[in-house]
Amino acid sequence: MGNRAGTADDAGAVTRWCDRCGESVAAGPHPACAAARVWEPPRWCASCRRRMKVQVVPAGWSAVCVEHGERRG
């Protein structure tokens, strides 16, 4: 979520949406979301705003967007 609107992340995808609440990152910072993302996996795709399929296991998490693929943490 650290990217601003219209910027590309490490994978080259453009971040337009908060990956925790699904709202626009152009509207301003999301301090509560940034704090929660320290402990929680993303729930929304930051590129297309689709709800992702998330699986949490003791070793980490995976989140899958049908359009942009899988992220792990």
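Shown above is the structure to which this text applies.
Here the structure is a predicted model, which is why all the values come from computation and not from measurement.

How each quantity is defined
Residues numbered from 1 in each chain as written. Predicted model: local features only at pLDDT ≥ 70, side-chain atom pairs only at ≥ 80, totals over all residues. Heavy atoms only, no water. Helix = DSSP H or I, 4+ residues; strand = E, 2+ residues; numbered from the N terminus. Buried < 20%, exposed > 50% of the residue type's maximum accessible area, 1.4 Å probe, protein only. Areas by Shrake-Rupley, 256 points an atom, 1.4 Å probe, with all protein chains shown as cover. Pairing = 2+ DSSP bridges. Axes fitted to C-alpha atoms, helices over the stretch in contact; angles between N-to-C directions. Disulfide = S-S within 2.5 Å. Salt bridge = Lys/Arg side-chain N within 4 Å of Asp/Glu carboxyl O.

Enquirer: In this structure, what is going on with the overall build of the protein? I would like to understand it.
Expert: When you go through the protein residue by residue, the secondary structure sums to 1 helix and 5 strands. Moving toward the C terminus, one meets the helices and strands of the protein in the order β-β-α-β-β-β. In the protein, which comprises 73 residues, the proportion classed as buried is 27%. As presented, the protein carries roughly 4800 Å² of accessible surface, and 52% of it is formed by carbon and sulfur atoms.

Enquirer: Before we go on, may I ask you to explain the pairing of strand β5 (residues 69–72) in this structure?
Expert: In terms of strand pairing, strand β4 (residues 60–65) meets β5 through 4 bridges, oriented antiparallel. Opposite Ser62, over in β5, you have Arg72 as the bridge partner. Here β4 folds back onto β5 in antiparallel fashion, the turn holding 3 residues.

Enquirer: Looking at this structure, I do not really get the sheet that holds strand β3 (residues 53–57). What am I missing?
Expert: What holds strands together in a sheet is hydrogen bonding between their backbones, with the strands either parallel or antiparallel. What the 3 strands build is an open sheet, ordered β3-β4-β5; its pairing is antiparallel. Strands with a single pairing partner mark the edges of an open sheet, and in this sheet they are β3 and β5. Strand-to-strand, the axes of this sheet are offset by a mean angle of 15°, without reference to chain direction.

Enquirer: Is there a simple way to explain the state of the cysteines in this structure?
Expert: Note: disulfide means a covalent bond formed between the sulfur atoms of two cysteine side chains. Under the counting rule described, the total for this entry stands at 0 disulfides. Between Cys45, a free cysteine, and Cys48, which holds the nearest cysteine sulfur, the sulfur-to-sulfur gap is 3.6 Å. The class of Cys45 is buried, set by a relative accessible area of 5%.

Enquirer: Could you clarify how one ought to interpret the pattern of salt bridges in this entry?
Expert: Inspection of the entire model under this criterion finds 6 salt bridges. A salt bridge links Arg72 to Glu70, with the shortest nitrogen-to-oxygen separation between them at 3.1 Å. Assessed through its relative accessible area of 43%, Glu70 is described here as partly exposed. Each of the salt bridges in this network shares a partner with another, and the network as a whole consists of Asp19, Arg37 and Arg71.

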